[in-house]
Amino acid sequence: MRVRNTLLVLLICGTGFAQGEYTAQRRSMVKTQLQNRDIADEATLRALLNVPRHEFVPLAQKPYSYWDRPLPIGEGQTISQPYIVAFMTQALKLKTSHRVLEVGTGSGYQAAVLAKIVDSVYTVEIVEALARTATKRLQRLGYDNVIVKSGDGYHGWTEKGPFDAIMVTAGADSIPEPLVAQLKIGGRMIIPVGPHNGIRQLVLLIKKKNKLIKKNLMAVRFVPFTRSED
Ligand code: SAH
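Worth saying up front: this structure is predicted, and the values here are computed from it rather than measured.

What counts, and where the lines are drawn
Residues numbered from 1 in each chain as written. Predicted model: local features only at pLDDT ≥ 70, side-chain atom pairs only at ≥ 80, totals over all residues. Heavy atoms only, no water. Patch = residues over 30% accessible without salt bridge, like charges linked within 9 Å, V, L, I, M, F, W, Y side chains within 5 Å. Areas by Shrake-Rupley, 256 points an atom, 1.4 Å probe, with all protein chains shown as cover. Salt bridge = Lys/Arg side-chain N within 4 Å of Asp/Glu carboxyl O. Lys, Arg positive; Asp, Glu negative; His and termini not counted. Charge placed at Lys NZ, Arg CZ, Asp CG, Glu CD. Helix = DSSP H or I, 4+ residues; strand = E, 2+ residues; numbered from the N terminus. Buried < 20%, exposed > 50% of the residue type's maximum accessible area, 1.4 Å probe, protein only. Near = heavy atom within 4 Å. Polar contact = N/O pair within 3.5 Å; in protein donor to acceptor, adjacent residues only side chain to side chain. Phe/Tyr/Trp six-rings, centres within 6.5 Å; stacked < 30°, edge-to-face > 60°. Lys NZ or Arg CZ within 6 Å of the ring centre and 35° of its normal.

1. Some points on a positive patch on the surface
Taken together, the side chains of Lys93, Lys208, Lys211 and Lys215 make up a positively charged region of the molecular surface. If you trace the backbone, Lys215 turns up in strand E9 (residues 212-220). Overall, the relative accessible area of 40% leaves Lys215 in the partly exposed class.

What follows is the structure, encoded as structure tokens:
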């Protein structure tokens, strides 16, 4: 009995220690990788400080959860480096009332970051297995303002639009027209655009009444935006 109790105490302490360790790593990530660069938006910093990134990566990747790099999440896909997640989030100038569309759910990490800031997040993932895992994970972690759909995000999510902001987290050859159409006037969209498997530009679009403003923000590498056969 005593042995069993001791083991239980050790197990609980061990888990507590790991959580504390992750919290410390996350604080350090926010300071060194984000604040020491050009991330100053309070809501973005708070979101990255609070979302447990280690819960979104496979077991083997957990030790590297808070490193300054992208990580594999299965199905040949990756979760972006924390800095890129923060940079893209900050660029959207989000408000608490916003309704946001993400294309490329992957692990669900970016959706969770957005969900900490805005009212509701709609996210589309083309690989069904990833969509399923992300749905379960987000539910387990209590992100009840995120809705995941499996499908080709090229078409956006018409029934849930228009959106205040759209984020595409896969590298596209060109800007999908349906996404621009589902953006509200005054809305912002961020998307990596460029040649297949090459270096792409992170493009920010701002939709004005009669024009679309385009700004190239930085050169990036992203997994490709794929299309379903339909
Ligand atoms: N935002 C994710 C990482 C995205 S990796 C995260 O935080 O973990 C890019 C994702 O986009 C991959 O999971 C890939 O399967 C998905 N993807 C690629 N093309 C897509 C498309 N046309 N529609 C929806 N998802 C797509």
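Back to the text.
2. Re unusual backbone geometry
Backbone torsion omega between Gly161 and Pro162 reads -5°, so that peptide bond is classified as cis. Positionally, Pro162 belongs in the loop between strand E5 (146-150) and strand E6 (163-168). At Glu75, a position not held by glycine, the phi torsion is positive, near 60°. Residue placement: Glu75 occurs in the loop between strand E1 (71-74) and strand E2 (77-79). Although it is not a glycine, Lys93 sits at a positive phi angle of roughly 45°. Following the sequence through the fold, Lys93 ends up in the loop between helix H3 (82-91) and strand E3 (99-103).

3. A few points about the site of the ligand
Close to the ligand lie 26 residues, the nearest being Ser107, Glu125, Asp152, Gly153 and Thr226. At a separation of 2.6 Å, an oxygen atom of the ligand approaches a polar side-chain atom of Ser107. The contact in question runs from an oxygen atom of the ligand to an N or O atom on the side chain of Glu125, over 2.6 Å. Sorting the residues of the shell around the ligand by element identifies E2, E3, helix H4 (109-117) and strand E4 (120-125) as the ones contributing at least two each. The leading source of residues in the shell around the ligand is E2, at three residues.

4. Some words on the packing of aromatic side chains
Counted under the stated rule, the structure contains six aromatic pairs. Measuring from centroid to centroid gives 4.9 Å for Tyr64 and Trp67, while their planes differ by 75°, and the two rings are edge-to-face. The exposure class assigned to Tyr64 is partly exposed, which follows from its relative accessible area of 29%. Relative accessible area serves as the criterion here: at 43%, Trp67 is assigned to the partly exposed category. Between Tyr122 and Trp157, the ring centres sit 5.4 Å apart and the planes meet at 80°, which makes this aromatic pair edge-to-face. Of this pair, Tyr122 sits in strand E4 while Trp157 sits in the loop between E5 and E6; the two residues are 35 residues apart in sequence, bridging distant segments of the chain. As far as the burial class goes, Tyr122 and Trp157 line up, both buried. Every member of this aromatic cluster is reached through a ring pair, and the members are Tyr122, Trp157 and Phe163. Of note, Arg37 hangs over the ring of Tyr83, and the distance from its end group to the ring centre comes to 5.1 Å. When the ring centre of Tyr154 is taken as reference, the NZ or CZ atom of Arg227 above it lies at 3.8 Å.

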